[in-house]
Amino acid sequence: MNATLPTGDALLDAIDTLREERNAVILAHYYQEPEIQDLADFIGDSLQLAKAARDTDADVILFCGVHFMAETAKILNPDRTVLIPDLQAGCSLADSCPADQLAAWKADHPDHLVVSYINCSAATKAQSDIICTSSNAVRVIESLPPDRPVLFAPDRNLGAWLQRETGREMDLWPGTCIVHETFSERALMDLMVRHPDAHVIAHPECEPAILDHAHYVGSTSKLLRYTQESAARRFIVATEPGIIHQMQKANPQFDYIPLPGQDETCACNECPFMRLNTLEKIFLSLRDLEPALHMDEDLRVKALKPLERMMALG
Ligand code: 13P
Ligand code: SF4
């Protein structure tokens, strides 16, 4: 019965009480709604969240992000309860690269190493030699033996950016993020003309046409750090605008302009999967201890190997 769900401050208090009773930790990605970021115990990018999940001693991990992130937490914590407020919180990149299709691609390229972006399912991870995130991808590519050819999945934009950054040729899976592929170059040019002092900061999941204009390209945590360390005072933000909440908290006096999508009237620069999580679903999830992630042990062990190789790089 959800008719008696608390609201407002009572809802926040009820979440706090449950968090304590369950000995739960709430992890949230930067693309979550500001109210979720504000109640989380830890906010971060994909790599920081995977490390926080690995290092926690809580009994319950409530993951406010998307499914592949909660799965990663489960791979690293088989004995803890891992909850995700909404099981439908998927990811277009993860969906673009089913494990059987990656396996067929691998079979056609038996000499290649497979590097998979963490935005993929556990089954796809299990087919990979090593995982990377947008934070450590350059380091991961540079760690590969130079004589081995490489398959990179599933984000072709991150892959193309990595090729430019590292000089390493790779075969790229044709996946994209529905949020980052929507950014409008025309809107970006208009904003750059209007705000010539602004620095363009972009996530590497953006199309090359956007990245070509960027003063700085990096993961969400690196974009946040750039706004704190660069000399600029105005930023055009080419990633999901949820990150702007932390930028504003750190430096409210600066100006952050979210880059709109092709249709400038829609909110298509917001990730529809990330935004499925709500305070009400967090409350219900902690109350009922579901939806919980369950994973076949054989699959978990296979998916753990390439993740551990990534984490061993530091
Ligand atoms: P990072 O936060 O790791 O940069 O990833 C962005 C993203 O799209 C997560 O789905
Ligand atoms: Fe996936 Fe893109 Fe959403 Fe990240 S922003 S979870 S890559 S759809």
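Residues numbered from 1 in each chain as written. Chains lettered and ligands numbered in written order. Predicted model: local features only at pLDDT ≥ 70, side-chain atom pairs only at ≥ 80, totals over all residues. Heavy atoms only, no water.

## A short note on the site of ligand 1
Inference 1: Around ligand 1 sit 14 residues, and of these His 29, Ser 46, Ser 134, His 203 and Thr 220 come closest.
Inference 2: In the model, an oxygen atom of ligand 1 is placed 2.7 Å from a nitrogen or oxygen of the Ser 134 side chain.
Inference 3: Here an oxygen atom of ligand 1 sits 2.5 Å away from a polar atom, N or O, in the side chain of Thr 220.
Inference 4: Calculation on ligand 1 without its partners gives an accessible area of 300 Å², and the protein chains cover 96% of this total.
Inference 5: A per-class count over the shell around ligand 1 returns five nonpolar, seven polar and two charged. (Near = heavy atom within 4 Å. Polar contact = N/O pair within 3.5 Å; in protein donor to acceptor, adjacent residues only side chain to side chain. Areas by Shrake-Rupley, 256 points an atom, 1.4 Å probe, with all protein chains shown as cover. Nonpolar A, V, L, I, M, F, W, Y, C, P; charged D, E, K, R; others polar.)

## Side note on the packing of aromatic side chains
Any aromatic ring pair is given by two values, namely how distant the centres are and how the planes are angled relative to each other.
Inference 1: Tallied over the entire structure, the rule returns five aromatic pairs.
Inference 2: When the ring of Trp 105 is compared with that of Trp 173, the centres are 5.2 Å apart and the planes differ by 70°; the resulting orientation is edge-to-face. Taken together, the residues Trp 105 in helix H6 (residues 99-108) and Trp 173 in the loop between strand E8 (171-172) and helix H10 (185-194) connect sequence positions 68 residues apart.
Inference 3: Accessibility expressed as a relative area gives 9% for Trp 173, which makes it buried.
Inference 4: These aromatic residues form a ring-pair network of at least three members: Tyr 216, Tyr 226, Phe 235, Phe 254 and Tyr 256. (Phe/Tyr/Trp six-rings, centres within 6.5 Å; stacked < 30°, edge-to-face > 60°. Helix = DSSP H or I, 4+ residues; strand = E, 2+ residues; numbered from the N terminus. Buried < 20%, exposed > 50% of the residue type's maximum accessible area, 1.4 Å probe, protein only.)

## So, the site of ligand 2
Inference 1: Taken together, Tyr 31, Val 66, Cys 91, Ser 92, Leu 93, Asn 119, Cys 177, Val 179, Glu 205, Cys 271, Phe 273 and Met 274 make up the full set of residues near ligand 2.
Inference 2: In the shell around ligand 2, the residues fall into nine nonpolar, two polar and one charged.

## Brief notes about the sheet that holds strand E1 (residues 24-29)
Inference 1: The strand order across the open sheet built from four strands is E2-E1-E3-E4, with neighbouring strands paired in parallel fashion. Strands at the two margins of the open sheet, each flanked by one partner only, are strand E2 (42-44) and strand E4 (81-83). The average undirected angle you get between the axes of adjacent strands in this sheet is 20°.
Inference 2: Alignment of E1 against E2, held across three bridges, turns out to be parallel. Considered in E2, the bridge of Leu 27 is made with Phe 42.
Inference 3: Relative to strand E3 (residues 60-64), helix H14 (residues 279-288) is tilted by about 160°, and along the sheet it contacts E1, E3 and E4. (Pairing = 2+ DSSP bridges. Axes fitted to C-alpha atoms, helices over the stretch in contact; angles between N-to-C directions. Contact = heavy atoms within 4.5 Å.)

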